[in-house]
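Descriptive analysis of the structure
What follows is each chain in one-letter form.
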Amino acid sequence: MNKHPQAPHTTPPATMSVCIVLPTFNEAENLSGLIQALNKVRESAEGIALSAVVVDDNSPDGTGHLADNLARQHSWLDVIHRSGRQGLGSAYIEGFTHALRNGSEACIQMDCDFSHDPRDIPRMISMLSSENPNGGADLVIGSRYTAGGETVNWSLWRRSISKLGSLYARTVLGLEVRDLTSGFKCIRSGTLELLDLQATDSRGYGINIELTYSAIKRGARVVEIPITFVDRCAGESKMSLGIVLEAGWKVPMLRLRALSEDRRYRGKELETLE
């Protein structure tokens, strides 16, 4: 793995340092525009020190090379180059690990194709603050399926798959989160540190379910805020039947693993009492 040289990220007093993790594979058509949009948010957001890391899986369209050029223009942007297409899940884990190593207080995961609006970032971060009447969250989810959320330009098939997937996961895992498959999240670094990130093995969109479920099992407070999800205008969707199937079988495995962990915990409690 080769990594672009990192400029030090300085954080002014009374600010929260937040790293945006951007997995990429063939996103050359979108990356420049997104970095420009993130820079506008960075310059206008008060009390937030934003940085970002692009995690590129050796994109054939030159996304990695473009990311390097952008990083030379923006000291707040880092780039991680990976040897091949290793999947969304491991890209997020590598990006989170990078952010934690650099001392970020929170991380944001988002798509690189403008499906997630960069202008929603300050609103998400504000929900981490205990001064916000509805805040104090450990994990903030940009939700398509809570009141006020919506999807735009999605086919009936995509909308159905997404809604059924969230319902299926919510039912099997016994959670109240409306949008478990959302890929737009803000999470405290302290919460990430409680998770066994290296044991996370979802390659595709199942990572979104796995991280949320693991955080909740460890006591994280989750808040959903409504977003408008707009289907990509450029580039090709990474959704495939294999990704859908992986998420499908992963859900009951998460439930079984959690039950096994609960039994081991109760066993240790009994041993202590004896």
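Attention in this report is confined to the structure presented alongside it.

Calculation notes
Residues numbered from 1 in each chain as written. Predicted model: local features only at pLDDT ≥ 70, side-chain atom pairs only at ≥ 80, totals over all residues. Heavy atoms only, no water. Helix = DSSP H or I, 4+ residues; strand = E, 2+ residues; numbered from the N terminus. Buried < 20%, exposed > 50% of the residue type's maximum accessible area, 1.4 Å probe, protein only. Contact = heavy atoms within 4.5 Å. Areas by Shrake-Rupley, 256 points an atom, 1.4 Å probe, with all protein chains shown as cover. Phe/Tyr/Trp six-rings, centres within 6.5 Å; stacked < 30°, edge-to-face > 60°. Expected span 1.5 Å × (residues − 1). Axes fitted to C-alpha atoms, helices over the stretch in contact; angles between N-to-C directions. Parallel < 35°, antiparallel > 145°, perpendicular 65-115°, else oblique. Nonpolar A, V, L, I, M, F, W, Y, C, P; charged D, E, K, R; others polar. Salt bridge = Lys/Arg side-chain N within 4 Å of Asp/Glu carboxyl O. Pairing = 2+ DSSP bridges.

1. Quick look at the overall build of the chain
A count of helices and strands for the chain gives eight helices and 10 strands. In the chain, buried positions account for 49% of the 274 residues. Contacts spanning at least 24 positions in sequence make up 82% of the contacts within the chain whose residues lie at least 6 apart. For the chain, the exposed surface amounts to about 13200 Å²; the carbon and sulfur share of it is 52%.

2. Some thoughts on the packing of aromatic side chains
Inspection of the entire model under this criterion finds two aromatic pairs. Judged by centre distance (6.0 Å) and plane angle (15°), the rings of Tyr92 and Phe96 are stacked. Residue Tyr92 and its partner Phe96 are both found in helix H3 (residues 88-101); the two are separated by four residues, about one turn of the helix. Taken as a pair, Tyr92 and Phe96 share a single burial class, namely buried.

3. Quick look at helix H7 (residues 206-217)
End to end, H7 covers 17 Å across 12 residues, agreeing with the expected 16 Å (1.5 Å per residue, within 8%). Burial runs high along H7: 10 of the 12 residues are buried. Turning to H7, its buried residues are Gly206, Ile207, Asn208, Ile209, Glu210, Leu211, Thr212, Tyr213, Ser214 and Ala215. Downstream of H7 by a residue or two, Gly219 has a phi angle that is positive, lying close to 90°.

4. A short note on the side chain of Thr151
Along the chain, the position of Thr151 falls in strand E7 (residues 150-152). The exposure class of Thr151 is buried, given its relative accessible area of 15%. In contact with Thr151, not counting residues within four places along its chain, are Arg144, Tyr145, Arg159 and Phe229.

5. Examining the packing of H3 against H7
In contact at an axis separation of 8 Å, H3 and H7 are set at 50° when each is read in the N-to-C sense. Taken as axis vectors, H3 and H7 run oblique relative to one another. Contacts between H3 and H7 involve Leu88, Gly89, Tyr92, Ile93 and Phe96 on the former and, on the latter, Ile207, Asn208 and Leu211. Residue classes in the contact of H3 with H7 are distributed as six nonpolar, two polar and no charged.

6. What to know about the pattern of salt bridges
Under the counting rule described, the total for this entry stands at six salt bridges. Note that Arg82 is salt-bridged to Asp57, the shortest N-O span being 2.6 Å. One end of the pair, Arg82, is in the loop between strand E4 (77-81) and H3; the other, Asp57, is in the loop between strand E3 (48-56) and helix H2 (63-73), and 25 residues separate them in sequence. Residue Arg82 is classed as buried on the basis of its relative accessible area, which comes to 5%. Within this structure, Asp57, Arg82 and Glu94 form a network of salt bridges that share partners.

7. Description of the pairing of strand E2 (residues 16-24)
By the criterion of burial, E2 is predominantly enclosed, with nine of the nine residues buried. Burial along E2 is two-sided: Met16, Val18, Ile20, Leu22 and Thr24 facing one way and Ser17, Cys19, Val21 and Pro23 facing the other are all buried. Inspection of the sheet shows E2 paired to E3 by nine bridges, in the parallel sense. Bridged to Val18 within E3 is Leu50.

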